[in-house]
Amino acid sequence: MLAELFAVMAPVIAGAGLGFGWVRLGHDYPVAFVTRLVFNIGTPALVLASLAGAEIDADSFGRTMLATALVLTTMGAATVVSARLLRRDWRVLLAPMMYPNTGNMGLPVVLYAFGEAGFAFGITVMVTVSLFQFTLGTLMTSRGNPLKSLARTPTVYAILIALALLLTDTDLPPWLANSVDLISGFTVPLMLITLGVSLANIQVRSLRSGLGFCLLRLPLAAGLAWGIGALLALPPMAHAILVLQMSMPVAVFNYLFAQKARREPEYVASLVFCSTLLSLIYLPLLLAWLM
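Owing to the predicted nature of the structure, the values given are computational and were not obtained by experimental measurement.

Any details on the pattern of salt bridges? Residues and values, ideally.
According to the stated counting rule, one finds 2 salt bridges in the structure shown. Between Arg91 and Asp89 there is a salt bridge whose closest N-O contact spans 3.0 Å. A relative accessible area of 39% places Arg91 in the partly exposed class.

Here you go:
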């Protein structure tokens with residue numbers, strides 16, 4: 001079991017460590033360019049490559065999306081109570097409470113823990129979280145129309161195409177399937193390297209408060225994911241992956257949202273940093289239980 005857990009976590013640590021060390025050694029890394037590349041090209045290709053050829057029925061896909069949405073909504077509602085306990089503005093805590101790192105860290109962990117069969121469910125959870133982020137997140141941090149932002153997000157169209165393929169039991173043409181599979185190959189490695197780069201650039205000032213938030217969020221998110229997944233009778237693998245994905249550390253994007261909205265970005269940075277470090281301890285334990 002220890003060898004299996006190490007095999008899951010080693011690529012994640014290696015990828016993030018590569019990005020962290022690259023920046024610490026003084027090398028340049030075009031975060032803005034890579035982020036646009038991953039989210040506008042890599043992620044849509046990954047969604048198509050993973051869902052179009054996945055052995056996942058439309059019912060399981062829909063229930064997994066619904067379960068994820070219910071967990072996110074409940075976590076959002078729990079923010080009010082959590083803010084009182086932590087003595088923080090609820091608007092500062094809303095995004096860190098709702099949006100775990102289901103992309104940069106979640107997808108690699110799911111891939112190496114559950115293989116291609118589980119990766120489709122990991123993608124399903126990730127795209128649901130992304131839909132919430134690009135709508136509610138945009139609404140909370142800008143004056144623009146979140147629907148316009150959503151309409152300019154290529155991942156949304158990839159989801160719709162993948163759904164159509166699932167519902168009609170249609171395969172992509174071989175030339176397109178091979179092309180999408182090739183392009184999607186750079187996504188997960190770049191996600192991990194960018195995670196390490198982002199952690200290296202974050203200035204942390206409050207480790208204690210970050211640790212307190214993590215100890216509050218983790219059992220709440222895992223417990224809600226387990227309960228809602230059981231209530232909706234998710235397939236066992238989908239249920240385990242929902243719990244795993246919702247237990248991921250705070251997404252780096254929450255720090256960017258906090259900077260944009262000018263809502264205590266230094267505090268949110270501590271949440272991202274502390275939760276990511278803490279995940280290296282609790283994720284192997286969680287995986288040992290779920291796998």
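Go over the side chain of Thr276 with me, naming the residues and quoting the values.
Along the polypeptide, Thr276 turns up in helix H13 (residues 265-290). Looking at Thr276, its side chain comes within polar contact range of the main-chain oxygen of Val272, at 2.7 Å. When near neighbours in sequence (up to four residues on either side) are disregarded, Thr276 contacts Met105, Leu199 and Pro249.

Before we move on, could you go through the packing of aromatic side chains and cite the residues and values that matter?
With the rule as written, the count across this model stands at 1 aromatic pair. Look at Trp226 and Trp289: their rings are 5.2 Å apart centre to centre, the planes differ by 40°, and that puts the pair in the tilted class. Taken as a pair, Trp226 in helix H10 (residues 207-231) and Trp289 in helix H13 lie far apart in primary sequence, 63 residues in all. By relative accessible area, which is 53% here, Trp289 ends up exposed. Above the face of the Tyr267 ring, Arg88 is positioned so that its terminal group lies 3.8 Å from the ring centre.

I'd like a description of a nonpolar patch on the surface, backed by residues and values.
Side chains of Val80, Val81, Leu85 and Trp90 sit close together on the surface and give an oily, nonpolar patch of about 410 Å² of accessible area. The element that contributes the greatest number of residues to the nonpolar patch is helix H3 (residues 58-86), accounting for 3 residues. Residue position: Leu85 is located in helix H3. By relative accessible area, which is 61% here, Leu85 ends up exposed.

Any details on the packing of helix H4 (residues 90-98) against H10? Residues and values, ideally.
Running from N to C, H4 and H10 point in directions that differ by 50°, and their axes come no closer than 11 Å. Regarding the angle of H4 to H10, the classification is oblique. You can see that H4 and H10 cross each other, and the crossing is right-handed. Counted together, Leu93, Pro96, Met97 and Met98 of H4 and Phe213, Arg217 and Leu220 of H10 form the full contact between these two elements. Split into classes, the residues belonging to the contact of H4 with H10 amount to 6 nonpolar, no polar and 1 charged.

So what's going on with helix H11 (residues 236-246)? Residues and values would help.
H11 sits mainly inside the fold: 9 of its 11 residues count as buried. Along H11, the positions that sit buried rather than exposed are Ala238, His239, Ala240, Ile241, Leu242, Val243, Leu244, Gln245 and Met246.

Quick rundown of the nonpolar core? Include the residues and the values.
One finds Val47, Val109, Ile123, Leu244, Met246 and Leu283 to be the most contacted residues of the largest nonpolar core, which totals 92 residues. Ignoring any residue separated from it by four or fewer positions in sequence, one finds Val47 in contact with Ala52, Ile123, Val127, Thr155, Ala158, Ile159 and Ala162.

I'd like a description of the side chain of Thr64, backed by residues and values.
Mapping Thr64 onto the fold places it in helix H3. What makes Thr64 buried here is its relative accessible area of 0%. The contacts of Thr64, once residues within four sequence positions are left out, are Phe121, Thr124, Val125, Leu234 and Ala238.

Help me get a handle on the environment of Phe121, residues and values and all.
Mapped onto the elements, Phe121 comes out in helix H5 (residues 106-141). Residue Phe121 is classed as buried on the basis of its relative accessible area, which comes to 8%. Counting along the chain gives 14 residues from Phe121 to Leu107, while the straight-line C-alpha distance between them is 9.7 Å. Excluding residues within four positions of it along the chain, Phe121 makes contact with Ile56, Ser60, Thr64, Met237, Ala238 and Ile241.

Hey, could you go over the environment of Ala162 for me, with residue numbers and the actual values?
Mapping Ala162 onto the fold places it in helix H7 (residues 154-168). The exposure class of Ala162 is buried, given its relative accessible area of 0%. With 10 residues separating them in the primary sequence, Ala162 and Leu172 have C-alpha atoms 9.6 Å apart.

Requested: an account of the packing of H3 against H11, with residues and values cited.
H11 packs onto H3 with a crossing angle of 30° between their chain directions and a minimal axis gap of 11 Å. It follows that H3 is roughly parallel to H11 by the angle criterion. When you trace H3 past H11, the crossing you get is right-handed. Of the residues in H11, those touching H3 at Thr64, Ala67, Thr68, Val71 and Leu72 are Ala238, Leu242 and Met246. Grouping the constituent residues of the contact of H3 with H11 by class yields 6 nonpolar, 2 polar and no charged.

Rules of the game
- Residues numbered from 1 in each chain as written.
- Predicted model: local features only at pLDDT ≥ 70, side-chain atom pairs only at ≥ 80, totals over all residues.
- Heavy atoms only, no water.
- Salt bridge = Lys/Arg side-chain N within 4 Å of Asp/Glu carboxyl O.
- Buried < 20%, exposed > 50% of the residue type's maximum accessible area, 1.4 Å probe, protein only.
- Helix = DSSP H or I, 4+ residues; strand = E, 2+ residues; numbered from the N terminus.
- Polar contact = N/O pair within 3.5 Å; in protein donor to acceptor, adjacent residues only side chain to side chain.
- Contact = heavy atoms within 4.5 Å.
- Phe/Tyr/Trp six-rings, centres within 6.5 Å; stacked < 30°, edge-to-face > 60°.
- Lys NZ or Arg CZ within 6 Å of the ring centre and 35° of its normal.
- Patch = residues over 30% accessible without salt bridge, like charges linked within 9 Å, V, L, I, M, F, W, Y side chains within 5 Å.
- Areas by Shrake-Rupley, 256 points an atom, 1.4 Å probe, with all protein chains shown as cover.
- Axes fitted to C-alpha atoms, helices over the stretch in contact; angles between N-to-C directions.
- Parallel < 35°, antiparallel > 145°, perpendicular 65-115°, else oblique.
- Left-handed = near helix turned anticlockwise from the far one by under 90°.
- Nonpolar A, V, L, I, M, F, W, Y, C, P; charged D, E, K, R; others polar.
- Core = buried A, V, L, I, M, F, W, Y, C linked by side-chain atoms within 4.5 Å.

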